[in-house]
Amino acid sequence: MSSAVEVRPAAGASALAAARTPTTRRYLMCAPKFFTVEYAINPWMDPSEPVSTERALEQWGELKRTYESLGHVVEEIEPQPGLPDMVFAANSGTVVHGRVLGARFRAAERAGEAEFYRRWFLEHGYRDVVMPSNINEAEGDFAWSGRVLLAGTGFRTDPGAHAEAQEILGVPVVSLKLVDPRYYHLDTALTVLDDSRDNPLVTYYPDAFSPGSQRVLELLFPDAVLATEADAACLGLNGVSDGYNVVLPTEATALGTALEARGFRAHYVDISELRKSGGGPKCCTMELRA
Ligand SMILES: CN(C)C(=N)NCCC[C@H](N)C(=O)O
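Keep in mind that this is a model prediction, so the values were computed, not measured.

Conventions and cut-offs
- Residues numbered from 1 in each chain as written.
- Predicted model: local features only at pLDDT ≥ 70, side-chain atom pairs only at ≥ 80, totals over all residues.
- Heavy atoms only, no water.
- Pairing = 2+ DSSP bridges.
- Helix = DSSP H or I, 4+ residues; strand = E, 2+ residues; numbered from the N terminus.
- Right-handed = clockwise from strand over helix to strand, strands pointing away.
- Near = heavy atom within 4 Å.
- Polar contact = N/O pair within 3.5 Å; in protein donor to acceptor, adjacent residues only side chain to side chain.
- Areas by Shrake-Rupley, 256 points an atom, 1.4 Å probe, with all protein chains shown as cover.
- Nonpolar A, V, L, I, M, F, W, Y, C, P; charged D, E, K, R; others polar.
- Contact = heavy atoms within 4.5 Å.
- Axes fitted to C-alpha atoms, helices over the stretch in contact; angles between N-to-C directions.
- Buried < 20%, exposed > 50% of the residue type's maximum accessible area, 1.4 Å probe, protein only.
- Arc of directions from axis to C-beta.
- Salt bridge = Lys/Arg side-chain N within 4 Å of Asp/Glu carboxyl O.

Draft legend 1. Focus on the pairing of strand β1 (residues 26-29). Alignment of β1 against strand β2 (residues 73-76), held across four bridges, turns out to be parallel. Residue pairing across strands places Leu28 opposite Glu75, the latter belonging to β2. In this region the chain leaves β1, passes through helix α1 (residues 53-69) and returns to the parallel neighbour β2; the handedness of that crossover is right-handed. Inspection of the sheet shows β1 paired to strand β15 (residues 286-287) by two bridges, in the antiparallel sense. Counterpart to Leu28 in the pairing with β15 is Met286.

Draft legend 2. Spatial organisation of the site of the ligand. Around the ligand, the surrounding shell holds 17 residues, and the nearest of these are Asn42, Arg110, Arg156, Asp187 and Cys283. One of the side-chain N or O atoms of Asn42 is found 2.7 Å from an oxygen atom in the ligand. One nitrogen or oxygen atom from the side chain of Arg156 is found 2.8 Å from an oxygen atom belonging to the ligand. The protein chains hide 100% of the 390 Å² of surface that the ligand would expose on its own. Here the residues of the shell around the ligand sort into six nonpolar, seven polar and four charged.

Draft legend 3. Region of interest: the sheet that holds strand β13 (residues 245-249). Strand order in this open sheet of three strands is β12-β13-β14, and the pairing throughout is mixed. Each having just a single partner strand, β12 (240-241) and β14 (265-269) make up the two edges of the open sheet. Of the strands in this sheet, β13 and β14 touch helix α6 (residues 253-260), which is tilted by about 160° from β14.

Draft legend 4. Just α6, in detail. Along α6, the residues that are buried comprise Leu255, Gly256 and Leu259. Projection of α6 onto a plane perpendicular to its axis shows the buried side chains occupying an angular sector of 100°, all on one side. Away from its buried face, by an angle of more than 90 degrees, α6 presents the exposed residues Ala254 and Thr257. Contact partners of the buried residues in α6: β9 (190-194), β10 (201-204), β11 (225-226), α5 (229-233), β13 and β14.

Draft legend 5. Fine view of the environment of Arg182. Here Arg182 lies in the loop between β8 (173-177) and β9. Placed 66 residues apart in sequence, Arg182 and Phe116 show a C-alpha to C-alpha distance of 28 Å. If we skip the residues at most four places from it in the chain, Arg182 touches Pro43, Trp44, Thr188 and Glu229. Among the polar contacts made by the side chain of Arg182, one reaches the side chain of Asp180 at a distance of 2.7 Å.

Draft legend 6. Local environment of the pattern of salt bridges. Under the defined criterion, the tally for this structure stands at 22 salt bridges. In this structure, Arg25 engages Glu287 in a salt bridge whose closest nitrogen and oxygen atoms are separated by 3.1 Å. With Arg25 in the segment before β1 and Glu287 in strand β15, this residue pair connects regions lying 262 residues apart in the sequence. A salt bridge links Glu229 to Arg182; its shortest N-O distance comes to 2.9 Å. Note that Glu229 is positioned in helix α5 and Arg182 in the loop between β8 and β9, a separation of 47 residues in sequence. Using a relative accessible area of 31% as the deciding quantity, one classes Arg182 as partly exposed. Shared partners join several salt bridges into a network, and the residues in it are Arg25, Glu139, Asp195, Lys282, Glu287 and Arg289.

Structure (structure tokens):
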């Protein structure tokens, strides 16, 4: 990572606020050129509700420009007709320390996306690219937190994919069980705010997790920012952080305020059209970690 700049919390911020350090990120995104909601594979999707592809493109463009204005590098993959959910790039690969674990989707409707992303990695110089045998929806259920890969299961990613990720990526994996179908992917219930090795921090909505997984999160992240039902219900936990700047859906102002009290800076984007498919900022953003 590069361009580390230490940012001090504003005067008057809570005593819990720490110095935050943003680092430049590389993201892979896919324009929602063919975005529609024509099937329902999660509770947010209603194919009878009208969807504007044009509006989705505008919102996605604003998200991309937000990252660029924060100094991040955004790569793009070509969208493909017939794959309306391909905009959710985070579902198609987990990249940690330059190693890539590809995706295997649970729904037949999304299965075709994985191969386009695999090819993108190979064409962009990635040599260590492994496609999984278990169902694994990539960063939808895998979140790198600096020392361990947090791994969700319960709705999409198979529990067996967690051991596979550990073996292929060579990092410790901690399994977490999701229990609320509205929060079907880990990244709808938890955001990594700081993925530095020495100071990892997350925010999460406890009720989205089984009691055992809640205890694991408490042990791993005793200082975590606990999100409310209202924060989660607008997909507020589908945020993207660079260690200081956190990009959140427009409606997630209460969560944004809580994060600012802890020394982060909230940036809001309207993702209302993409949310009709059950996605938010993080879903549209795969991080390419060197
Ligand atoms: C983090 N990511 C990527 C997500 N949570 N993904 C949104 C996927 C939405 C899609 N309609 C689906 O149901 O698969």
